[in-house]
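Descriptive analysis of the structure
Next come the chains, spelled out residue by residue.
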Amino acid sequence: MIVSPFRMPGSLPAVCEAAWPKDVGIIAMEVYVPSQYVDQAELEEYDGVGAGKYTVGLGQARMGFCSDREDINSLCLTVVQRLMERNGLSYESVGRLEVGTETIIDKSKSTKTVLMQLFEESGNTDVEGVDTTNACYGGTAALFNAVNWVESSSWDGRYALVVAGDIAVYATGSARPTGGAGAVAMLVGPNAPLALERGLRGTHMQHAYDFYKPDMVSEYPVVDGKLSIQCYLSALDRCYSVYRNKIHAQWQREGLEKRCSLEDFGFMVFHSPYCKLVQKSLARLMLNDFLCNPNPNTESGPFSGLEAFRDVKIEETYFDRDVEKAFLKASSELFDNKTKASLLISNQNGNMYTPSVYGCLASVLAQHTPQHLAGQRIGVFSYGSGFAATLYSIKITQDATPGSALDKMVSSLCDLKARLDSRKKVSPDVFAQNMKLREETHHLANYIPQGSVDELFPGTWYLTRVDEKHRRQYARSSMNDDRPLEAGLVSSSIAAEHIPSPLKKMPRIPTTTAGPEVVISNGEH
């Protein structure tokens, strides 16, 4: 018999596993949402739909949006520079930078190359990675690529930086209230407080036209709403099944005989097109647990009263209202404990596409103490239409001591609710005018944006003009509201560096006072 020299990752000998960097995952996070929002209850009245259609039916309270002053490049410039500044990081300490987005403003030039302007002051051009695109899944693909890089022979000891950003806009109609905008940046490296559990990923990918953007001159997608929900839920079923098989195999190697269920996760976060679908998704996982349990207790406990659903075929339940209602009720306590907190940004800002699931992760971290989070497993379900999906898990470090990496991460995110509350509410009519302006101008050359810069948060990058060759130029609003800032310069309010490069401490960019307005572009310098 010929023995194959190749082994599956799960069967690698311990000596090989020991050579990998330890606990590779997310070390720091930063979230950016636009400074303006529209109230969904007011939007219901403006659109002439029944009260509660958006707020109750979708579970949405507010929706953030961008004027023509912001695009995908500016969103990512803002969130990256904020991550670097708030964590006192030098640009030399980054060896890989990858952007996940489906907001495409150039069919060739990546947003990542635009972000490289932030690195110019440091002189660091040795930075791998480009953009990754597949609907809302691009951010997760970028994160996996970053983790894989750190765990590979290509790793040079520096950090990876992952950026997920999008502007989710829809044509006037029933899909418009499921829009939103924002960006999340994540610093990736070893010894992370949020470590991706190696080998525990369940992925499902399949061809479908549930949501896609075939019109290259429009920001709006083509959406088959019912098919999209079916694809999302079927992907969730299959990813959960694959994940459970993998964790069962891992447990068996460790000598454990147990069945994986929702009880094995401290938190469950999901890609959130709208909050109601997330609640239904947790109920869906409980349905999976129920059907896979050979002897569920239907007399007491979480499965009590569910015996009538014992023989349902899961692939026939996507739109079964009786099943949905029963398991929403049965999973309500689990939802409150494991998922509800994750919907802070989604409820208040809307769907951010690629950053959506990572906004949910940040929401969990922002609303719990390090002590409560320590040692927990977080299940993460990422979905992108077309379609691609993965369910994976993150293990939080046990170290919740003051000054620990987890403590610093939680501290950096604890003001998320205050940031959301500090935004300006605008009327639905003003919102509609902004959407019309974007629709008419987002693709234009030789264009000067019309939106107000005064409404932007301090330290926000914004579009100043698009020249006759479609080259875009940007400036940054002042951290102190009195002058713009230059790319790559660190504000004087930055705390001392506390995250050195993984293998050696890198010098950070010296504090510099910004001078007159300096613009950067995605074309010639």
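Reading the values: the criteria
- Residues numbered from 1 in each chain as written.
- Predicted model: local features only at pLDDT ≥ 70, side-chain atom pairs only at ≥ 80, totals over all residues.
- Heavy atoms only, no water.
- UniProt positions renumbered as here; feature names shortened; annotations may be inferred.
- Phe/Tyr/Trp six-rings, centres within 6.5 Å; stacked < 30°, edge-to-face > 60°.
- Helix = DSSP H or I, 4+ residues; strand = E, 2+ residues; numbered from the N terminus.
- Buried < 20%, exposed > 50% of the residue type's maximum accessible area, 1.4 Å probe, protein only.
- Lys NZ or Arg CZ within 6 Å of the ring centre and 35° of its normal.
- Lys, Arg positive; Asp, Glu negative; His and termini not counted.
- Salt bridge = Lys/Arg side-chain N within 4 Å of Asp/Glu carboxyl O.
- Polar contact = N/O pair within 3.5 Å; in protein donor to acceptor, adjacent residues only side chain to side chain.
- Contact = heavy atoms within 4.5 Å.
- 1 Å grid on protein atoms, 1.4 Å probe; cavity = no way out; pocket = protein on both sides within 12 Å on 5 of 7 lines; lining within 4 Å.
- Points joined across faces, edges and corners; volume = space filled by probe spheres on them.
- Nonpolar A, V, L, I, M, F, W, Y, C, P; charged D, E, K, R; others polar.
- Arc of directions from axis to C-beta.

Per an unreviewed UniProt entry, the protein chain carries the name Hydroxymethylglutaryl-CoA synthase and comes from Cirrhinus molitorella. What UniProt records for the protein chain under Catalytic activity (unreviewed entry) is the sentence "acetoacetyl-CoA + acetyl-CoA + H2O = (3S)-3-hydroxy-3-methylglutaryl-CoA + CoA + H(+)". Here the protein chain is described in UniProt, under the heading Function (unreviewed entry), as follows: "Catalyzes the condensation of acetyl-CoA with acetoacetyl-CoA to form HMG-CoA."

On to the packing of aromatic side chains, then. Summed over the entire model, instances satisfying the criterion amount to 15 aromatic pairs. Note on Phe144 and Tyr392: the rings are 5.1 Å apart at their centroids and 75° apart in plane angle, and the pair reads as edge-to-face. Of this pair, Phe144 sits in helix α5 (residues 138-150) while Tyr392 sits in strand β13 (residues 388-396), placing them 248 residues apart in sequence. One exposure class covers both Phe144 and Tyr392, and it is buried. Taken together through their ring pairs, the aromatic side chains of Tyr232, Phe270, Phe381, Tyr383 and Phe387 make up a single cluster. The aromatic ring of Phe319 is capped on one face by Lys226, whose charged end is 5.0 Å from the ring centroid. If you follow Arg244 out to its NZ or CZ, it ends over the ring of Tyr240, 4.5 Å from the centre.

The subject of this paragraph is the side chain of Asp166. With respect to the element layout, Asp166 can be found in strand β6 (residues 159-168). Buried charge Asp166 goes without a salt bridge, the closest partner of opposite sign being Lys213 at 5.6 Å. Looking at Asp166, its side chain comes within polar contact range of the main-chain nitrogen of Glu102, at 2.9 Å. Here Thr354 takes part through its side chain, which lies 2.7 Å from a polar atom of the side chain of Asp166. Ignoring anything within four residues of it in the chain, the contact list for Asp166 reads Ile72, Leu75, Thr101, Glu102, Thr103, Ala181, Gly182, Met352, Tyr353, Thr354 and Pro355.

Enumeration over the complete set of coordinates arrives at one cavity of 30 Å³ or more. Space inside the largest cavity adds up to approximately 70 Å³. For the largest cavity, the lining is made up of 13 residues, of which Met63, Ala168, Val169, Phe431 and Met435 are closest to its centre. Listing elements by their share of the lining of the largest cavity, those giving two or more residues are β3 (62-65), β6 and α15 (428-441). The element that contributes the greatest number of residues to the lining of the largest cavity is β3, accounting for three residues. Classifying every residue of the lining of the largest cavity by side-chain character gives nine nonpolar, three polar and one charged.

A few words on the environment of Leu306. Checked against the element boundaries, Leu306 lands in the loop between α7 (275-292) and α8 (321-330). Spatially, the C-alpha atom of Leu306 lies 8.5 Å from that of Ala330, the residues being 24 residues apart in sequence.

Here we come to the environment of Phe65. Along the polypeptide, Phe65 turns up in strand β3. What makes Phe65 buried here is its relative accessible area of 3%. Separated by 370 residues in sequence, Phe65 and Met435 place their C-alpha atoms 8.7 Å apart. Other than its neighbours up to four places away in sequence, Phe65 contacts Pro34, Gln36, Tyr37, Val38, Val426, Phe431, Asn434 and Met435.

Burial in helix α2 (residues 40-47) covers these residues: Gln40, Leu43 and Glu44. Along the long axis of α2, the arc covered by the buried residues comes to 105°, so they all point the same way. At the N-terminal end of α2, a side-chain oxygen is found 2.9 Å from the backbone nitrogen of Ala41, two or three residues along, and the residue is Asp39.

Right, let's talk about the pattern of salt bridges for a bit. Taken as a whole and judged by the stated rule, the model has 25 salt bridges. Note that Arg158 and Asp156 form a salt bridge whose closest N and O atoms lie 2.9 Å from each other. Residue classification places Arg158 among the buried residues on the basis of a relative accessible area of 10%. According to the relative accessible area criterion, Asp156 is partly exposed, its value standing at 38%. Between Glu197 and Arg377 there is a salt bridge, with the nearest N and O atoms lying 2.7 Å from each other.

The next thing to look at is the layout of surface pockets. Of the pockets and cavities examined, the second largest pocket occupies roughly 950 Å³. Thr103, Ile104, Ile105, Asp106 and Met216 are, among the 38 residues lining the second largest pocket, the residues nearest its centre. Those elements that place two or more of their residues in the lining of the second largest pocket are β9 (211-212), α15 and β15 (461-466). Of the residues belonging to the lining of the second largest pocket, the class tally is 14 nonpolar, ten polar and 14 charged.

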